[in-house]
Amino acid sequence: SSSADGDYVVLEDTLGAQMMGLQGIVAATDPPLGALQGLAVASNPFWKAQVNSAAANRQFDFADLQSVIDDIASQTNYAESDVDLILCNFPVRREYYKACIVERRHVNTMELDGGFKALDFNGIPIVADSQCQRNRMYVLCMKSLSLVRSSDFEWMDKDGSYLSRETGYDAYGATLFHYGNLMTWDRNANGLYSQILES
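Residues numbered from 1 in each chain as written. Predicted model: local features only at pLDDT ≥ 70, side-chain atom pairs only at ≥ 80, totals over all residues. Heavy atoms only, no water.

> I'd like a description of the environment of Leu22, backed by residues and values.
With respect to the secondary-structure elements, Leu22 resides in helix H1 (residues 22–25). A relative accessible area of 18% places Leu22 in the buried class. The residues touching Leu22, leaving out its near neighbours within four places in the chain, are Leu87, Tyr138, Leu140, Leu145 and Leu182. (Helix = DSSP H or I, 4+ residues; strand = E, 2+ residues; numbered from the N terminus. Buried < 20%, exposed > 50% of the residue type's maximum accessible area, 1.4 Å probe, protein only. Contact = heavy atoms within 4.5 Å.)

> Just give me the short version of the pairing of strand E6 (residues 136–140), but keep the residues and values in it.
Here E6 lies mainly inside the structure; five of its five residues are buried. Because side chains alternate across E6, one face comprises the buried residues Arg136, Tyr138 and Leu140, and the other comprises Met137 and Val139, equally buried. Here four bridges tie strand E2 (residues 85–88) to E6, and the two strands are oriented antiparallel to one another. Bridge assignment links Leu87 to a residue of E6, and that residue is Tyr138. In this structure, E6 lies alongside strand E11 (residues 191–194), joined through four bridges in antiparallel fashion. (Pairing = 2+ DSSP bridges.)

> Before we move on, could you go through the pattern of salt bridges and cite the residues and values that matter?
Pairs can form between side chains of opposite charge once their charged atoms are near each other. Inspection of the entire model under this criterion finds six salt bridges. In this structure, Glu95 and Lys98 form a salt bridge, with 3.2 Å as the shortest nitrogen-oxygen distance. With a gap of three residues between them, Glu95 and Lys98 both fall in helix H3 (residues 90–102), about one helical turn apart. Residue classification places Lys98 among the partly exposed positions, given a relative accessible area of 34%. Note that Arg149 and Asp152 form a salt bridge whose closest N and O atoms lie 3.6 Å from each other. Judged by its relative accessible area of 43%, Arg149 falls in the partly exposed class. The class of Asp152 is partly exposed, set by a relative accessible area of 40%. (Salt bridge = Lys/Arg side-chain N within 4 Å of Asp/Glu carboxyl O.)

> Describe the packing of aromatic side chains, listing the residues and the values that go with them.
For any pair of aromatic rings, the description consists of the separation of the ring centres together with the inter-plane angle of the planes. A complete count under the given rule lists eight aromatic pairs for this structure. With centroids separated by 5.2 Å and ring planes inclined at 45°, the aromatic side chains of Phe177 and Tyr179 adopt a geometry described as tilted. Residue class for Tyr179 comes out partly exposed when judged on its relative accessible area of 47%. Grouping aromatic residues by their ring pairs yields a cluster made of Phe60, Phe62, Tyr96, Phe121 and Tyr193. (Phe/Tyr/Trp six-rings, centres within 6.5 Å; stacked < 30°, edge-to-face > 60°.)

> Kindly report on the nonpolar core, identifying the contributing residues and their values.
The biggest cluster of nonpolar side chains holds 25 residues, and the ones touching the most others in it are Phe60, Tyr96 and Met137. Only helix H2 (62–75), E2, H3, strand E4 (117–121), strand E5 (124–128) and E6 provide two or more residues apiece to this core. The biggest single contributor to this core is H2, with five residues. Leave out the neighbours within four places in its chain, and Tyr96 touches Phe60, Phe62, Leu119, Asp120, Phe121, Ile126 and Met137. Membership of the second largest hydrophobic core comes to 13 residues, among which are Ile25, Leu36, Cys132 and Leu140. (Core = buried A, V, L, I, M, F, W, Y, C linked by side-chain atoms within 4.5 Å.)

> Break down the environment of Gly115 for me, citing the residues and quoting the values.
On the secondary structure map, Gly115 appears in the loop between strand E3 (109–111) and E4. Taking the C-alpha atoms as reference points, Gly115 and Gly191, 76 residues apart in sequence, are found 26 Å from one another.

> Could you give me a rundown of H3, with the residues and numbers involved?
Helix length check: H3 (13 residues) gives 19 Å between terminal C-alpha atoms against 18 Å at 1.5 Å per residue, within 8%. The inward-facing, buried residues of H3 abut H2, E2, E4, E5 and E6. Among the residues trailing H3, Arg104 stands out with phi positive, at a value near 60°. (Expected span 1.5 Å × (residues − 1).)

Spatial relationships are all this shows, so hold off on functional conclusions.
Structure, rendered in structure tokens:
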């Protein structure tokens, strides 16, 4: 079939059945397939996330990142101390590190649970994830997000067995399923600093 820029690539007949991601929650607009959790931004302007964006990619700026945190603290029921994670990809984290060197700031690191290390921005860990979208930093209040489940990860055994024979192969197969979604209690408690230039 044909495809175009902006199309979503999913398994056949599964559009809208995937788990909601941060791009749909931490935004000032509705997700592409409709209102988030039944609340449309047009009729519920309080529902949008705090976003600092630009028309084109720009250099990382400490004040721009701080403005997102300030908006969370001044325009919601959350305080700056409630912001507990900044998530980005590796090139954006590198831009933050380079900006610290240029400004002659000491780059502190933090040790997180499980022995992971993160860079520090005003006491908030900056964590890099290879799956995070480019040119952006998600500023998150983790207590405003929740993973809800009607079924945890389980092996399907509708016919009385977890395993079934694979036709034409000397093998068995099994199906693992999970019914759940990422949701938010307070969408506006989260923020996005986007259009960060990556070198």
